[in-house]
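Topology and contacts: notes
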Amino acid sequence: MAPLGAAVRYVAALSPKFHWVGIYILKKNILELGPFIGEPTEHTRIPVGTGVCGTAVAENSDQNVPDVTRVPNYLSCSMKTRSELVVLVRDKRGRVLGQIDIDSHLPEAFGPEEEKAVRKIADELGVLWPA
């Protein structure tokens, strides 16, 4: 888990707009919360297809949600959250291993630069991911 914890700390330090940063690990059809920085959340296990995190896995695509109030199946971790970025972590064959999840108290907090920086970390994690 050491690479995951280091990645969370690194991502959290990228921007003051990142108010919660965590890594979810995909185990069968459930995302299980790993290391995180921010307020505790009750969403420690998320089924694939549920919320922004589960939707990312179900659709096999990163999610950049500028306004979480417009997402019908949004799982609120904090009443303060206004936008969310989920970037999938894949192994070298493209299989989803988990994801980096970031919440912000600001609407539209994640632009192309933030996405690119987090994608780079997710790609590196795919190589280092613990077995």
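This section reports on the structure supplied with the text. (Residues numbered from 1 in each chain as written. Predicted model: local features only at pLDDT ≥ 70, side-chain atom pairs only at ≥ 80, totals over all residues. Heavy atoms only, no water.)

This next bit is on the environment of K27. Assignment of secondary structure puts K27 in strand 1 (residues 20-27). Residues K27 and T81 lie 54 residues apart in sequence; the distance between their C-alpha atoms is 26 Å. (Helix = DSSP H or I, 4+ residues; strand = E, 2+ residues; numbered from the N terminus.)

Turning to the nonpolar core, a few remarks are in order. Grouped together as the largest cluster of nonpolar side chains are 21 residues, with contacts concentrated most on V11, I23, I100, I102, V118, L125 and W129. Elements represented by at least two residues in this core include exactly helix 1 (2-12), strand 1, strand 5 (83-90), strand 6 (96-104) and helix 3 (112-128). Discounting residues that sit within four places of it in the chain, I23 has contacts with L4, A7, V8, E32, L33, G34, P35, Q99, I100, L125 and W129. By size, the runner-up hydrophobic cluster in this structure holds 15 residues, among which are A56, V65, Y74 and V96. (Core = buried A, V, L, I, M, F, W, Y, C linked by side-chain atoms within 4.5 Å. Buried < 20%, exposed > 50% of the residue type's maximum accessible area, 1.4 Å probe, protein only. Contact = heavy atoms within 4.5 Å.)

A full pass over the atoms with the stated rule returns one cavity of 30 Å³ or more. Space inside the largest cavity adds up to approximately 80 Å³. For the largest cavity, the full set of lining residues is H43, I46, T50, G51, V52, C53, Y74, L75, C77, E84, D101 and D103. When residues of the lining of the largest cavity are traced back to their parent elements, those giving at least two are helix 2 (51-59) and strand 6. Considering each element in turn, the lining of the largest cavity owes the most residues, three residues, to helix 2. Tallied by class, residues from the lining of the largest cavity come to six nonpolar, three polar and three charged. (1 Å grid on protein atoms, 1.4 Å probe; cavity = no way out; pocket = protein on both sides within 12 Å on 5 of 7 lines; lining within 4 Å. Points joined across faces, edges and corners; volume = space filled by probe spheres on them. Nonpolar A, V, L, I, M, F, W, Y, C, P; charged D, E, K, R; others polar.)

The subject of this paragraph is the pattern of salt bridges. Evaluated as defined, the whole model comprises nine salt bridges. Across the pair K80 and E39 runs a salt bridge, and its minimum N-O distance is 3.7 Å. With K80 in the loop between strand 4 (63-65) and strand 5 and E39 in the loop between strand 2 (30-37) and strand 3 (45-47), the pair connects residues that are 41 residues apart, well separated along the chain. Looking at K80, the relative accessible area reads 46%, which means it is partly exposed. By relative accessible area, E39 is classed as partly exposed at 44%. Here the salt bridges do not stand alone but share partners, grouping K27, E32 and R45 into one network. (Salt bridge = Lys/Arg side-chain N within 4 Å of Asp/Glu carboxyl O.)

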